[in-house]
Amino acid sequence: MNELEQILVGEAYAARPANILEGLSEELVHRKPGAAPHSIYEELWHIAFWQKVTLDWINGVETPFPASPADGFPTVADMELESWPALYRRFFQGASEAAEATRGDERLNRMVRCPSRPGEAVRVMSVREQLENMGAHNAYHLGRIVLLRQLQGAWPPKSGGFGW
């Protein structure tokens, strides 16, 4: 497994995404402890949303950048349409597709168009840069999920995870 693939699906920076997300009930993932702005479900939905956008971009589909930050989080209707197990599977399908895209320098070095925030010029970057961006974004939000689990007394998972 190369380092970029390790960042996306492995244990490069913390616990594996599979460990971070294991053993969570539908009820727990929808709970917002204290003043938390998002639930575990909403954080993972957001990750899956941006994974899809990134995968579209690296596959030549110019999916528009969301008009506002709120557009990258689920609505109540979105949450009613997709169960936690379905969202979990969608996240890991996207992560697997991204990990597969890390294999091969020719593809990683290919330049792709990446729409920008409304009113800004379209950016052009390599597939590698897009996947690095995805890895950083996923790590940030998976860290928030760990914190949400900690706040709810649901950390560490059975398979283990850092306790600091």
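Residue numbers here run from 1 along each chain, matching the order of that chain's written sequence. Only residues with pLDDT of at least 70 get local features here, since the model is predicted, and only at 80 or more are side-chain atom pairs given and counted; chain-wide, interface and lining totals rely on the full set of residues. Only hydrogens and water are set aside; all other atoms, that is, all heavy atoms of the structure, feed into the side-chain values.

(A) Representation of the side chain of His46. The topology assignment puts His46 in helix H4 (residues 40-58). There is a polar contact of 2.7 Å between the side chain of His46 and the backbone oxygen of Gly72. In this analysis, two residues are considered to be in contact whenever any of their non-hydrogen atoms come within 4.5 Å of each other. With sequence-adjacent residues up to four places away left out, His46 is seen in contact with Gly72, Phe73, His137 and His141. In this description a helix means any DSSP run of H or I spanning at least four residues, a strand means any run of E spanning at least two, and both kinds are numbered starting from the N terminus. Two N or O atoms form a polar contact when they lie within 3.5 Å of each other; inside protein one atom must be a possible hydrogen donor and the other a possible acceptor, and for residues adjacent in sequence the pair counts only when both atoms belong to side chains.

(B) Structural detail: the pairing of strand S1 (residues 111-114). Covered by surrounding structure in S1 are Val112 and Cys114 only, the residues Met111 and Arg113 on the alternate face being uncovered. Sheet topology note: the S1/strand S2 (residues 123-126) ladder contains four bridges and is antiparallel. Looking at the pairing, Val112 lines up with Met125 of S2. Partly exposed residues are those whose accessible area sits between 20% and 50% of the maximum for their type, while under 20% is buried and over 50% is exposed, using a 1.4 Å probe and protein chains only. Here, strands pair whenever DSSP counts at least two bridges between them.

(C) A look at the packing of aromatic side chains. Between rings of Phe, Tyr and Trp, where Trp is taken as its six-membered ring, a pair exists when centres lie within 6.5 Å; planes separated by under 30 degrees are stacked, by over 60 edge-to-face, and by other angles tilted. Applying the stated criterion across every chain, the model contains eight aromatic pairs. Judged by centre distance (5.7 Å) and plane angle (15°), the ring pair of Trp45 and Phe49 falls under stacked. Of this pair, Trp45 and Phe49 both sit in helix H4, four residues apart, which is roughly one turn of that helix. Both residues of the pair, Trp45 and Phe49, count as buried. Ring centres of Trp57 and Phe65 lie 6.5 Å apart, and the angle between their planes is 20°; this geometry places the pair in the stacked category.

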